Amino acid sequence: MVNANIHEGDILVIDKSFKPAEGLPVVTPTGFILKIMLFIFAYTLNQIIE
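Only a predicted model underlies this, so the values are computations on that prediction, with no experimental measurement involved.

A closer look at the overall build of the protein
Point 1. Helices and strands together make up the secondary structure of the protein, namely zero helices and four strands.
Point 2. Counted from the first residue to the last, the protein has its helices and strands arranged as β-β-β-β.
Point 3. Buried residues in the protein amount to 6% of all 50 residues.
Point 4. Considering only contacts within the protein whose residues lie at least 6 apart along the sequence, 18% involve residues at least 24 apart.
Point 5. Of the roughly 5,000 Å² of accessible surface on the protein, a fraction of 61% belongs to carbon and sulfur atoms.

Quick look at the structure:
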């Protein structure tokens, strides 16, 4: 996540009131683990593909 300016030892504050935006980091639950990923939309025929 260095490209998102998040480095080892940083403390992240999560605000659920913000809507995800293209290219910004988001927190995603995977089982009992939380992962931080960049949010990317892919559009095809006006439909969102995940």
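What follows continues from the structure just given.
So, the pairing of strand β1 (residues 25-30)
Regular strands place side chains that alternate from one sheet face to the opposite one.
Point 1. Here β1 pairs with strand β2 (residues 33-38) via six bridges, running antiparallel. Its bridge partner being in β2, Val26 is matched across the sheet by Met37.
Point 2. Hairpin geometry of β1 and β2 is characterised by an intervening segment of two residues between the two adjacent antiparallel strands and by a positive phi of about 65° at Gly31.

Digging into a nonpolar patch on the surface
Point 1. A contiguous nonpolar patch, built from Leu12, Ile14, Val27, Leu34 and Ile36 and spanning about 430 Å² of accessible area, is present on the exposed surface.
Point 2. If you trace the backbone, Leu12 turns up in the segment before β1.
Point 3. Take Leu12: its relative accessible area is 40%, and that puts it in the partly exposed class.

Observations concerning the layout of surface pockets
Point 1. As a volume, the largest pocket reaches approximately 500 Å³.
Point 2. As for the largest pocket, its lining consists of 17 residues, of which Asp15, Phe18, Pro25, Val26 and Val27 are closest to the centre.
Point 3. Here the lining of the largest pocket is composed, by residue class, of 13 nonpolar, one polar and three charged.

Parameters at a glance
Residues numbered from 1 in each chain as written. Predicted model: local features only at pLDDT ≥ 70, side-chain atom pairs only at ≥ 80, totals over all residues. Heavy atoms only, no water. Helix = DSSP H or I, 4+ residues; strand = E, 2+ residues; numbered from the N terminus. Buried < 20%, exposed > 50% of the residue type's maximum accessible area, 1.4 Å probe, protein only. Contact = heavy atoms within 4.5 Å. Areas by Shrake-Rupley, 256 points an atom, 1.4 Å probe, with all protein chains shown as cover. Pairing = 2+ DSSP bridges. Patch = residues over 30% accessible without salt bridge, like charges linked within 9 Å, V, L, I, M, F, W, Y side chains within 5 Å. Salt bridge = Lys/Arg side-chain N within 4 Å of Asp/Glu carboxyl O. 1 Å grid on protein atoms, 1.4 Å probe; cavity = no way out; pocket = protein on both sides within 12 Å on 5 of 7 lines; lining within 4 Å. Points joined across faces, edges and corners; volume = space filled by probe spheres on them. Nonpolar A, V, L, I, M, F, W, Y, C, P; charged D, E, K, R; others polar.

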